[in-house]
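Tertiary structure, described
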Amino acid sequence: MFYSSFGILAILVHIIINYDVLIKNDYREVMPASSSYRQFLVSVIVYYVSDVLWGFLYEHRLITLTYADTVLYFLSMVISVLLWSRYVTEYLDENSLFSRIIRSVGMVILLYEIINLIINFFRPVVFRFSEDGTYQPMTARFITLGIQIVFFLSVSSYSLYMAVRGEGVTRRHYRTVGLSGLAMAVFIILQAYDPFIPFYAIGCMLGTCLLHTFVLEDEKAERKKHLEDLLHKEKSKREELESARHQAYRDSLTGVKSKHAYLEAEMAYDERIACDEVDAFGVIVFDINGLKEINDMQGHDAGDRYIREGCALICHTFVHSPVFRTGGDEFVVILEGGDYNSRRGLLSDFDKTIHDNIKDGKVVISSGLDEYRKGSDDQFQTVFERANLRMHEHKKYLKKMVADRKKYVR
């Protein structure tokens, strides 16, 4: 049981540290070469099992079964080497001569061992059991282990050399392969020296632990990068949506709220009215006089400047209230709170400015104010229509003032 205890311990450690890969298979999406890695881990388990059985069967001198298990032992050993070589080439993710050599050598080792084991049935070249049941290693066994030692040392040396030269992920990948191969080479040397101590199983356990440590580090790095990419994409989308929202809710000419924003505000007030959540608000409708004349006589650039000038005047007076541009020369201001309480004074000051502008030949803006009548008004539009009607009345009045002013100037 002394020999088998190492294999049992190796199986337990192997399954515990690789549980997420072997059992749950959680890392399929983000782990490099996850499928090949899982196949390699499974092959190592098969090797451990054969090694545990060998110790138990040999201790009880069940020679026939021990012979069959020894064949399984060598087959699982070289299959794990082949799968390790395949995983390494996928893990390094490069289609180079080095990768092709690794895969080819792994296949050669497997074929060589299969041929030796077939020959061993007729003539012992790998191992034999004496008449008293003692296990005796033969020449081909040492050749198999020697080839593996050279293979793992070569891969390890090249990988550690490339790790020194590489950076980032490439450096981590080569370092992982190099340390894993070095651990295997050292313990295969010890196994060649003494066949009755499970050094090969210890080397597999140490090699897979090293692989797990660095592969897990890669997995964490990949998940972190994946998360950062998702966050970056989400941030970009959020910024794009915010930009689109800003463009949709802001008038490009004047910078005040757009008609789209006004329509949403109207719906919001309708909901508040329906839920009896609003007591008082006012609506002022503005219309810039004479825009068509300016566009016709001076051009649309002059008309745009005229609109911006009028908008600036509205914003300057009603600085604490939302200003909406609802049409080419039409604006709406919604009053609540302090501006609503001061609405008469603010509109009076605004009208005085307009009267001065008429004298000075500056922008003229018609306005109309009306208030929400709680209990009788059931929607925002009703208030707006009354304010709009007042604006048109005021527009007629201002037009007459402008006409009289022109006559006077003449």
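Only a predicted model underlies this, so the values are computations on that prediction, with no experimental measurement involved. (Residues numbered from 1 in each chain as written. Predicted model: local features only at pLDDT ≥ 70, side-chain atom pairs only at ≥ 80, totals over all residues. Heavy atoms only, no water.)

**Quick word on the pairing of strand E6 (residues 365-371)**
- Among the seven residues in E6, seven count as buried, and that is most of the element.
- Judged by which residues are buried, E6 turns out to be covered on both faces: Ile365, Ser367, Leu369 and Glu371 on one side and Ser366, Gly368 and Asp370 on the other are all buried.
- Sheet analysis places strand E3 (residues 282-288) next to E6, joined by seven bridges and oriented antiparallel. Across the sheet, aspartate 287 pairs through a bridge with serine 366, a residue of E6. (Buried < 20%, exposed > 50% of the residue type's maximum accessible area, 1.4 Å probe, protein only. Helix = DSSP H or I, 4+ residues; strand = E, 2+ residues; numbered from the N terminus. Pairing = 2+ DSSP bridges.)

**Structural notes on the nonpolar core**
- Trp84 and Tyr200 are the most contacted members of the largest nonpolar core, which has 54 residues in total.
- Ranked by residues supplied to this core, first place goes to helix H4 (residues 63-92) with 13 residues.
- Leaving out residues up to four positions away in the same chain, tyrosine 200 has contacts with Tyr47, Tyr73, Met77, Val81, Leu145, Gln148, Met184, Phe187, Ile188 and Gln191.
- Ranked by size, the runner-up nonpolar core spans 28 residues in total, among them Ile307, Val323, Ile354 and Leu398. (Core = buried A, V, L, I, M, F, W, Y, C linked by side-chain atoms within 4.5 Å. Contact = heavy atoms within 4.5 Å.)

**Considerations on the packing of helix H1 (residues 2-17) against helix H3 (residues 34-59)**
- Packing of H1 against H3 brings their axes to within 7 Å, and their N-to-C directions diverge by 160 degrees. On the basis of the axis angle, H1 is roughly antiparallel to H3. Considering only the axes of H1 and H3, their crossing is left-handed. For the pair H1 and H3, contact is made by Tyr3, Ser4, Gly7, Ile8, Ala10, Ile11, His14 and Ile15 and by Leu41, Val44, Ile45, Tyr48, Val49, Asp51, Val52, Trp54, Gly55 and Phe56, respectively.
- Its residues placed into classes, the contact of H1 with H3 shows 13 nonpolar, four polar and one charged. (Axes fitted to C-alpha atoms, helices over the stretch in contact; angles between N-to-C directions. Parallel < 35°, antiparallel > 145°, perpendicular 65-115°, else oblique. Left-handed = near helix turned anticlockwise from the far one by under 90°. Nonpolar A, V, L, I, M, F, W, Y, C, P; charged D, E, K, R; others polar.)

**Details of the sheet that holds E3**
- The antiparallel open sheet is built from four strands, whose spatial order is E4-E5-E3-E6. Two strands lie at the open edges of the sheet, namely strand E4 (323-325) and E6, each paired on one side alone. Each adjacent strand pair in this sheet contributes to an overall mean axis angle of 20 degrees, direction not counted.
- Two strands pair when backbone bridges link them, and E4 and strand E5 (residues 330-335) are joined in this way by three bridges, in the antiparallel orientation. Opposite arginine 325, over in E5, you have phenylalanine 331 as the bridge partner.
- Packed on one face of the sheet, helix H13 (residues 343-360) meets E3, E5 and E6 and runs near 170 degrees to E6.

Just distances and angles here, no functional claims.
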